[in-house]
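# Structural description and commentary
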Amino acid sequence: MTDTTAATRPDETGINTRKVFIKTYGCQMNVYDSQRMGDALARDGYQPTEVIEDADLVLLNTCHIRERAAEKIYSELGRIKLLKAEKAEQGVEMRVAVAGCVAQAEGQEIIDRAPVVDLVIGPQTYHRLPEALARVARGDKVVETDYAVEDKFRHLPKVTAPQIRTRGVTAFLTVQEGCDKFCTFCVVPYTRGSEVSRPLTQIMGEARTLAAAGVREVTLLGQNVNGWSGQDEAGRDIGLGGLLRALAEIPGFARLRYTTSHPRDMDDDLIAAHRDLPALMPYLHLPVQSGSDRILKAMNRRHTGADYLRLLDRIRQARPDIALSGDFIVGFPGETDADFEDTMELVSEVRYASAFSFKYSARPGTPGATMDDHVDEAVKSERLQRLQTLLREHQVDFAESLVGRDIDVLVEKPGRYPHQRVGRSPFLQPVVLDAAAGEIGDIVTVRIESTLPNSLLATGGAVPAAEARHRNAVPAEPIRKIA
Ligand code: SAH
Ligand code: SF4
Ligand code: F3S
């Protein structure tokens, strides 16, 4: 639907030149959603802009996971209010939309607190964005936070090759959304709704479009991605392992990844896929949150620390060179020094290649918020610092274990200097390499020479790979034998 009222400003050629500025907070799914909203708006005549001052529509795609994430939105809206007033003086009407998880969680409250906002739209209703904006153009304030009954993915415009090409050789693809796990600290089940898996044919269709547009690496997304379930072409029930096997058949895809997984949904077939599929990268983000069984129970994670370690053993048997990544929360209500030491111990045992750690943030409406024994901020800070020091040590160790080794790198983009390019290791580390080593989209084998604070450096050219170029050679020996 196209509106022709205030927000439309035809230029001299009569072509609609409305511009949208999209700012994305939070997780990769928000990045994917922002792209899809951009696609829907493009069909409605909006061009993207990186310059907020040029925008006719400002869209904030928000995250509600921690208090600070949600509060950021209100300070941004404060700045936007001033900008909107300035633009109004120049006779230009700027519209402001808030999408994402804060939109879903707070709805009308956002407009009450920040009247600059014209539209609040939740993650399940993005396909209704053009229609909602048409209502805004008629002067309404709009709040769209129903969990729509229709399949939003079927109603969003399909991704097209030119749009994909502007986004490079790696892409996200949402395969599952929502969460039924209800960890007691987490807002996601309330903001994203219950678990829904996209059907295989829809995913394969989008995947083939990505491959045809030159995408070499796809990351499957889901709040609980390994809970994906569907049916293959023969009507048999399959899980994420089956989906990965189907995707690995698509010519052009050299690398597959998926995130984020829950330990309880790592089934045998998915673990076997790590053994069987060279395209499935040896990197797994598998959050555990805490090493204390008491806290895991209070968090409703429904597994123990020992269950998690046993699971990692099985995964490592299937794929010995797998690098692990995790998420941790310190200072969950009731966490004692001893509980925290259990977390430190688990971390020492696993030796993560990378990790994310956070201070517990009480979220309105979650069971954790009303639990007793909230931990002091100072204690949380101290624990976080200790944990992050240890995690960082392991991350550096892992990076250093790659020095002198030949690893496959997907060349992704130009580097800071003309003679450089930046790619990714199989373990998701950025690799700075010589431009002569390969073109963007190539997978080249390079020798790692040294580590930089958050990346690896390979200044030599490509070295002959043990396996054919453009494949992901699996190192002959495990990169690091952990635990
Ligand atoms: N679906 C993912 C989690 C998404 S949220 C999963 O199940 O792992 C990403 C991370 O944010 C979580 O893993 C957790 O470590 C952190 N997080 C979630 N809620 C939080 C809260 N209330 N306070 C602090 N960290 C939180
Ligand atoms: Fe949140 Fe737990 Fe669901 Fe992950 S599994 S999204 S942490 S409720
Ligand atoms: Fe944040 Fe929503 Fe993602 S709360 S982490 S944007 S699912």
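Just so it is clear, the structure is predicted and the values come from calculations on it, not from any experiment. (Residues numbered from 1 in each chain as written. Chains lettered and ligands numbered in written order. Predicted model: local features only at pLDDT ≥ 70, side-chain atom pairs only at ≥ 80, totals over all residues. Heavy atoms only, no water.)

### Some thoughts on the packing of helix α14 (residues 337-350) against helix α15 (residues 377-400)
Note the following rule: Axis definition: a line fitted to C-alpha atoms, over the contacting stretch in the case of helices. Angles run 0 to 180 degrees between N-to-C directions. Each helix is a run of DSSP H or I of at least 4 residues and each strand a run of E of at least 2, with the numbering of both proceeding from the N terminus. Just so you know how the angles are binned, under 35 degrees is roughly parallel, over 145 roughly antiparallel, 65 to 115 roughly perpendicular, and the rest oblique. Between two residues, a contact is recorded if the distance between any of their heavy atoms is within 4.5 Å. Three classes are used: nonpolar for Ala, Val, Leu, Ile, Met, Phe, Trp, Tyr, Cys and Pro, charged for Asp, Glu, Lys and Arg, and polar for all others, with Gly counted as polar.
In contact at an axis separation of 10 Å, α14 and α15 are set at 10° when each is read in the N-to-C sense. Taken as axis vectors, α14 and α15 run roughly parallel relative to one another. Taken together, the residues of α15 that come into contact with α14 (itself represented by Asp337, Phe340, Glu341, Thr343, Met344, Val347 and Ser348) are Arg383, Arg386, Leu387, Leu390, Leu391 and His394. Partitioning the contact of α14 with α15 into residue classes produces 6 nonpolar, 3 polar and 4 charged.

### Observations concerning the sheet that holds strand β2 (residues 47-48)
Using the following cut-off: A pair of strands counts as paired when DSSP detects no fewer than two bridges linking them.
Taking strand neighbours across the sheet as the criterion, the 6 strands line up as β2-β1-β3-β4-β5-β6 in an open arrangement whose pairing is parallel. Lying at the two open borders of the sheet, with one neighbouring strand each, are β2 and β6 (142-144). Here strand β1 (residues 19-24) runs beside β2; their pairing, made up of 2 bridges, is parallel. Each residue of the ladder has a partner; that of Lys19, found in β2, is Gln47. Packed onto the sheet, helix α1 (residues 28-43) meets β1, β3 (57-62) and β4 (95-99) and runs at close to 155° relative to β3.

### Considerations on the site of ligand 2
The following threshold applies: Throughout, near means a residue has at least one heavy atom within 4 Å of the molecule or strand.
In the vicinity of ligand 2, the contacting residues are Cys179, Lys181, Phe182, Cys183, Phe185, Cys186, Val188, Pro189, His262 and Arg301. In terms of residue class, the shell around ligand 2 is built from 7 nonpolar, 1 polar and 2 charged.

### Comments concerning the environment of Gly460
By secondary structure assignment, the location of Gly460 is in the segment after β22 (455-458). Gly460 sits 190 residues away from Leu270 along the chain, and the two C-alpha atoms are 36 Å apart. In this structure, Gly460 is in contact with Asp434, Ala437 and Glu449, ignoring residues within four places of it in sequence.

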